[in-house]
Amino acid sequence: EDQVTQSPEALRLQEGESSSLNCSYTVSGLRGLFWYRQDPGKGPEFLFTLYSAGEEKEKERLKATLTKKESFLHITAPKPEDSATYLCAVQARSSASKIIFGSGTRLSIRP
Amino acid sequence: EAQVTQNPRYLITVTGKKLTVTCSQNMNHEYMSWYRQDPGLGLRQIYYSMNVEVTDKGDVPEGYKVSRKEKRNFPLILESPSPNQTSLYFCASRPIPPGQGSNEQFFGPGTRLTVL
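Small disclaimer: the values here were computed from a predicted structure and weren't measured.

Let us now look at the state of the cysteines. Enumeration according to the criterion identifies two disulfides over all chains in this entry. Disulfide pairing is shown between C23 of chain A and C88 of chain A; the S-S distance is 2.0 Å. Every disulfide takes its handedness from the sign of the S-S torsion; for C23 of chain A and C88 of chain A that torsion is -65°, giving left-handed. Of the two residues, C23 of chain A is situated in strand β3 (residues 19-26) and C88 of chain A in strand β9 (residues 84-92); the sequence distance between them amounts to 65 residues. According to the relative accessible area criterion, C23 of chain A is buried, its value standing at 0%. Across the disulfide, C23 of chain B is cross-linked to C91 of chain B (sulfur-sulfur distance 1.9 Å). As the torsion about the S-S bond is roughly -70°, the C23 of chain B-C91 of chain B disulfide counts as left-handed. In this pair, C23 of chain B is assigned in strand β3 (residues 19-25) and C91 of chain B in strand β9 (residues 87-94), connecting sequence segments 68 residues apart. Considered together, C23 of chain B and C91 of chain B belong to a single accessibility category, that of buried residues.

Here you go:
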């Protein structure tokens, strides 16, 4: 069964303290892995798509990486405005439309 | 401004009273989808539509209906709501069907539904 597991559930960091969020996945052939950011009371906002192991994408203080079993979202020198829930999702090659989401990591950055 | 809109944003109703949550996008996207979000379960897909008059079930379609008569609109219908449908609902759209290129889905602001 296709599955996405994110860890940790919650993470509290000091401003400037770099860390990583993990997304482990089990899927029968990966078509794509996606990262979204969700602020309280809002819909998810797209960040990255990764397609194959070894691929990396960057946006400001965020960098997403992909291996055959997991993805990491690295946050470098975070600021309070990076506080949000970060969602990971995967799409299997066998499905043209089904996207499976993890339950997210709630990130808090203290000033 | 390119956006996905949902109405209402908040709704409290009673068991068995039919309701419709509207979703509209102004980006001429072919693909639209409905999700529900529950604590600890993440986003789960209810229904999706690849284009006008083309809809299909997601992971949790029981108790829901959808229609796609126009490209921009994709309403979610609960014929007889029950308390287990209390949840946060999101509509999303994207310019090309999943499986082709980026999966940049655009999400609406959400509808918080409570069924008593």
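Turning our eyes to something else, we now look at the interface of chain A and chain B. If you look at the interface, chain A gives 20 residues, while chain B gives 23 residues. Here chain A and chain B share an interface that buries about 1600 Å² over both sides, 51% of which is from carbon and sulfur atoms. Where chain A touches chain B, the interface holds zero salt bridges. When contributions to the side of chain A that touches chain B are tallied by element, the ones reaching two or more residues are β4 (30-38), β5 (45-50), β9 and β10 (99-101) of chain A. A total of four residues in the side of chain A that touches chain B trace back to one element, the largest contributor, which is β4 of chain A. Here the side of chain A that touches chain B is composed, by residue class, of nine nonpolar, eight polar and three charged.

Glancing now at the pattern of salt bridges. Taken as a whole and assessed by the stated rule, the structure comprises nine salt bridges over all chains. Its salt-bridge partner being R37 of chain A, residue D39 of chain A comes within 2.9 Å of it at the nearest N-O pair. Linking R44 of chain B and D38 of chain B is a salt bridge whose minimum nitrogen-to-oxygen distance equals 2.8 Å.

Before going further, it helps to examine the sheet that holds strand β8 (residues 70-75) of chain A. Residue and element names in this part refer to chain A. With antiparallel pairing, five strands are arranged side by side in an open sheet as β1-β3-β8-β7-β6. Unpaired on one side and paired on the other, β1 (3-7) and β6 (56-59) mark the two borders of the sheet. Across the sheet, the mean angle separating the axes of adjacent strands is 15° when strand polarity is ignored. In the sheet, β1 pairs with β3 via five bridges, with the strands oriented antiparallel. Residue T5 lies in a different strand from β3, and its bridge partner there is S24.

Rules used in this analysis
Residues numbered from 1 in each chain as written. Chains lettered and ligands numbered in written order. Predicted model: local features only at pLDDT ≥ 70, side-chain atom pairs only at ≥ 80, totals over all residues. Heavy atoms only, no water. Disulfide = S-S within 2.5 Å. Helix = DSSP H or I, 4+ residues; strand = E, 2+ residues; numbered from the N terminus. Buried < 20%, exposed > 50% of the residue type's maximum accessible area, 1.4 Å probe, protein only. Contact = heavy atoms within 4.5 Å. Buried area = accessible area lost by both parts, 1.4 Å probe. Salt bridge = Lys/Arg side-chain N within 4 Å of Asp/Glu carboxyl O. Nonpolar A, V, L, I, M, F, W, Y, C, P; charged D, E, K, R; others polar. Pairing = 2+ DSSP bridges. Axes fitted to C-alpha atoms, helices over the stretch in contact; angles between N-to-C directions.

By themselves, these observations are geometric and do not establish any function.
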